[in-house]
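Fold and contact review
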Amino acid sequence: MSAASTGQNLPADIVALIDRVVRATRLRRSERDDVRAELASHFAEALAAGTSPAAAVAAFGDPSASARALRAAAIAKRSAIDRAFGQAFRCTAWGVGAIAAVYVLFGLYLATNAPRVSFDPVARLAEGLPKAARPEDVAWPRYRDVLPRLGLTEHVDAANTETDRIDGGVGWPGRSPSEEGQATWDDQVAWCTAHAADLAALRAATALPVLGMPLTEALSDADRAIFTESTVTNSRAVIADTARPFRAFGVLLPHLASIRQASRALALDATVAASRGQGSMAVDDLAAIIAMSVQVQQPRFLICDLVAIAMRSVACSRATMLLESMPEAFTDDDLARLQRALRSVPRDLTEMDLRSERIAFDDAVQWMYSDDGQGGGWFNPSAANLMMLNGLGEGYPGEPRDDVMDRSMIALTGPAAALWVADRRDLMDFYESWSNELLARKAWSLRQLHDAPPTHDEPLRSGDWVAKSRYLMAALLLPALDRVNWSFAADRAQRDAVDMAAACVRFKLARGAWPARASDLVPAFLASVPSDPWSGQPVQMAGEGRGFRVWSVGADLADQQGAINATGPALRATTLPRSANRSGSFEPPIPCDWVWFAPSGSVERWFGE
Amino acid sequence: MADIDSEFLRGAGPVAVLKLLERGEMYGYEIVEALERRTDGVLAMGQSTLYPMLYNLEAKGFVAARWDESGSRPRKYYRLTAAGRRRLAADAKSWHRLALAMGSLGLTSVQGVLA
C-alpha cells in the first residue's frame, strides 16, 4: 500500500483522524485498508483544493458516528454467507461467553461451599470397638510380648528369617523339602519344641475377649517391638492429625500379617502335637487359631474379615488333615472340644458387615462433597483430597499434596467435575442400594451366590467408563466386595465340613465303624446334618474303612461320589469355582467333588496344588 | 441558511448522490463539493455521512466503485449501475409527486424543479 493510499503523507492531525475512524470501525484488515485509502484520498483532494488541514478535519463531522456508519455499511457490503457466518460467530462467542461466565460463577459458588468435616471417623471407629472390662482382658500387650519371640514382626532380623524358613518348610512328618533352604520336618519339630512356652503364651493370648490393638490411638513405644519405625510414625500421624483427610482409610492394620503368620505357626504346632499323639494339645492349637480369628475381626473392616476367614481356613484344613491321617491322636473329648471351637465363632462374625466400611465411605464423602444440609451437595474436592482419592485407587490413601499447579487444575476443572460426577445424594443412594444388595446375600450359600444376578455395582466392575467416572468415589472405594460373601459362605461351609469330620471320627471311636448315614451322627455327635452348600441337599457320605467319604457335589454340581482326583486339586480348589473375574462371570468349575473327609491314610491331596 | 434536519437529508441524500452520478462517474470529494455547490449548501453533508452512504449504495448494487491510481492522487470513482438508474428513476418520480403535493398545499413555490 502506497503512502498516498494510506495517508501517511498527510498532516499529522488528519492522519490521527483517519487512524481514529479506521480503528473504531473494527472491520477486517482489507476493509479497514479500503476505508483508510478512501479517507486519505478525500483529504488529499481537500488539501489540493486549498482547504486548510484544520478546516478539513472540522468539515469531516463526528468520527465515532462515521466509524459506526462505515462499519454498518461495510458489513452490508459483505456477502449473505459471509454475514451469516459472522452472525453465527457472534452468537457462538456470546454463547461461549455466557457459558464461561456461568462456569466461573459456579466455580466461585463451589469455592465458597467447600466440604465441611462434621465427624471424626477414628472416634466413630473407636465407638464400635469392644471395651475390656479389665486391663488383663486385653490381648494385644501379650501378643506384643510373644510375637517377637516367635520372630513374627515387621522387623527383618534373624528370628524372622528363621520363622520364614520354618513356615516354608514341609509341614508334615515324612515329607521332604522341595526347595533348598526349606526347613525339614525335624527342623519344624525342633522349632516348636524350642518355642513351646511362647506358643503356650500365644494360645493364652487368644483366649482373651478383647484384641485391643491400638487402632484408634497411636502405636506406643512398646509397639516398636513388633512394628518398624515407619509404621509407628505413620500411625501417630494418622491419629494425631485430625485435619488429615481419609483417616479411616489411613487407620493402619499392621498387626494382621503377624497374626496371620502366627496362625500358621499354631497349625504347625498342632501337627507336631498330633504326630506325638497329643491330640489335646493339637486341639488347643486349632481352637486358638479360631479364637484368634475372632479377635482379628475387631474392628470389622472387610480386610480383617478376610484375614480371619483365611486363618479359620488354615485351622479347618489342618484339622481335616489330622483327622484323616492321625485320628488315633484324638480322644472323644478332644474332638468334642474341636467341634465346640468350630461352633464358637459368633454368627455375626460369619457374615458380611459393612459398618466400618460405611464409616470410611462417609469420611471420604465428607472430604469430597459439599453439603447442602439436605443430604445433597456437589463433588467438590480440594487438590490435596483429590491426591488422596487418587491414592485410594492403589488401595491406600496417598500423602496429602497441595501446590499451585494442583490448585489451579482443581479451580479450572472443578465445576465440570461437579456437574459430571454423581452428586452427594445420588452417590449415597448408590452406596445404599449396593450395600443393601450385598447384605441381603450375607447368609446365602455358595450355590445361591453362584446363581445370583449381578449386584448394583455391576457397571463399575464391567469397565463401564461412564458409570465409573460418574460414580468415581464408588469405583475407587468399593472394590468387588460381593466376593466377600463368597468367602464368608465358604468359611461357614468349611467349618461345617470339619464339624462333620470330627463327628464321624467320634462315631468311629464309639462304634468301631464309620457311620452309614449322616443322620446316624445326630444328635450324639452332631447337632444337625449340614446342607451341601452346592446342592442344597443334606451332605452325603458312603464307604468303609479307608474308602469312607463325606462330600459335597462341588462347584460343577455333578456327583462323583466323593472320588478324589489324585492329580488334582484339594479342598480349597473345589470350595469355589476356579475363578470369577471382576464382571462376575465364571470359568468352568473343575469337575470334581469337594471332599469333606477322606480317611485314606494319605495327605497328598492337601499338597496337590 | 439554516441547517436542514438530518432526517430530511437521510431521505434526500442517496437520491441526490444517484442524481449526481447520472452524468458520469465521480470520486468522493468531487461529490461532496458538487452537492454543496449545486444545492447552495442545502444538501451539503459532512464526509462522515457521505462515505457510509456511498458504501450503502454500493452494498445495494446501485453504484459501483473503482480505484484509479493513474493520477497524482489515487481516487475512488463511483458510477451508477443499471439498478441505480432504475432506483433513481423511481425515486425521482416520488420526489416529483411529493413536491407537487407540497406545492398544492402552498409549502413550495417551485414546480418542476425535479423534472
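Since the model is a prediction, treat every value here as computed from it, not as a measurement.

Time to look at the packing of helix α9 (residues 158-167) of chain A against helix α14 (residues 255-275) of chain A. All names here are of chain A. Contact pair α9 / α14: the axes reach a minimum separation of 11 Å and the direction vectors enclose 55 degrees. The angle between the axes of α9 and α14 places the two elements in the oblique class. Crossing handedness for the pair α9 and α14: left-handed. Here α9 contributes Thr163, Asp164, Ile166 and Asp167 to the contact with α14, which in turn contributes Gln261, Arg264 and Leu268. Residues belonging to the contact of α9 with α14 are distributed by class as follows: two nonpolar, two polar and three charged.

Next up on the list: the pairing of strand β2 (residues 549-552) of chain A. All names here are of chain A. Here β2 shows two buried faces, one formed by Arg549 and Trp551 and the other by Val550 and Ser552. Bridge count for strand β1 (residues 540-542) against β2 is three bridges, and the pairing is antiparallel. Within β2, the residue paired with Met541 across the bridge is Val550. Summarising the sheet, β2 and strand β3 (residues 594-597) pair through three bridges and their orientation is antiparallel. Residue Trp551 lies in a different strand from β3, and its bridge partner there is Val595.

Turning our eyes to something else, we now look at the domain arrangement of chain A. Residue and element names in this part refer to chain A. When cut into domains, chain A gives domain 1 (3-77), domain 2 (125-352 + 485-530), domain 3 (358-480) and domain 4 (531-609). In this structure, domain 2 and domain 4 have C-alpha centres spaced 24 Å apart. Taken together, the contact between domain 2 and domain 4 spans 27 residues of the former and 28 residues of the latter. Buried surface at the junction of domain 2 and domain 4, both sides included, amounts to about 2300 Å², of which 74% is carbon and sulfur.

Right, let's talk about the interface of chain B and chain A for a bit. In this assembly, 18 residues from chain B lie in contact with 27 residues from chain A. Across the chain B/chain A interface, buried area totals approximately 2000 Å², and carbon plus sulfur atoms make up 59% of it. The largest contributions to the chain B side of the interface with chain A come from Tyr29(B), Gln47(B) and Tyr55(B), which together make up 33% of the buried area. The tally of links between chain B and chain A comes to five salt bridges. As a salt-bridge pair, Glu58(B) and Lys77(A) come within 3.0 Å of each other at their nearest N and O atoms. Along the contact surface separating chain B from chain A lie eleven residue pairs in polar contact (both at pLDDT 80 or more).

Its 15 residues give helix α5 (residues 63-77) of chain A an end-to-end C-alpha distance of 21 Å, which sits within 8% of 21 Å, the value for a rise of 1.5 Å per residue. Along α5(A), the residues classified as buried are Pro63(A), Ser66(A), Ala67(A), Leu70(A), Ala73(A), Ala74(A) and Ile75(A). Contacts made by the buried residues of α5(A) are with α2 (12-25), α3 (29-48), α4 (53-60) and α6 (80-112) of chain A together with α3 (47-59) of chain B. Its side-chain oxygen 3.1 Å from the backbone nitrogen of Ser64(A), Asp62(A) forms the N-cap of α5(A).

Cut-offs applied
- Residues numbered from 1 in each chain as written.
- Chains lettered and ligands numbered in written order.
- Predicted model: local features only at pLDDT ≥ 70, side-chain atom pairs only at ≥ 80, totals over all residues.
- Heavy atoms only, no water.
- Axes fitted to C-alpha atoms, helices over the stretch in contact; angles between N-to-C directions.
- Helix = DSSP H or I, 4+ residues; strand = E, 2+ residues; numbered from the N terminus.
- Parallel < 35°, antiparallel > 145°, perpendicular 65-115°, else oblique.
- Left-handed = near helix turned anticlockwise from the far one by under 90°.
- Contact = heavy atoms within 4.5 Å.
- Nonpolar A, V, L, I, M, F, W, Y, C, P; charged D, E, K, R; others polar.
- Buried < 20%, exposed > 50% of the residue type's maximum accessible area, 1.4 Å probe, protein only.
- Pairing = 2+ DSSP bridges.
- Domains from an automatic or database assignment.
- Buried area = accessible area lost by both parts, 1.4 Å probe.
- Salt bridge = Lys/Arg side-chain N within 4 Å of Asp/Glu carboxyl O.
- Polar contact = N/O pair within 3.5 Å; in protein donor to acceptor, adjacent residues only side chain to side chain.
- Expected span 1.5 Å × (residues − 1).

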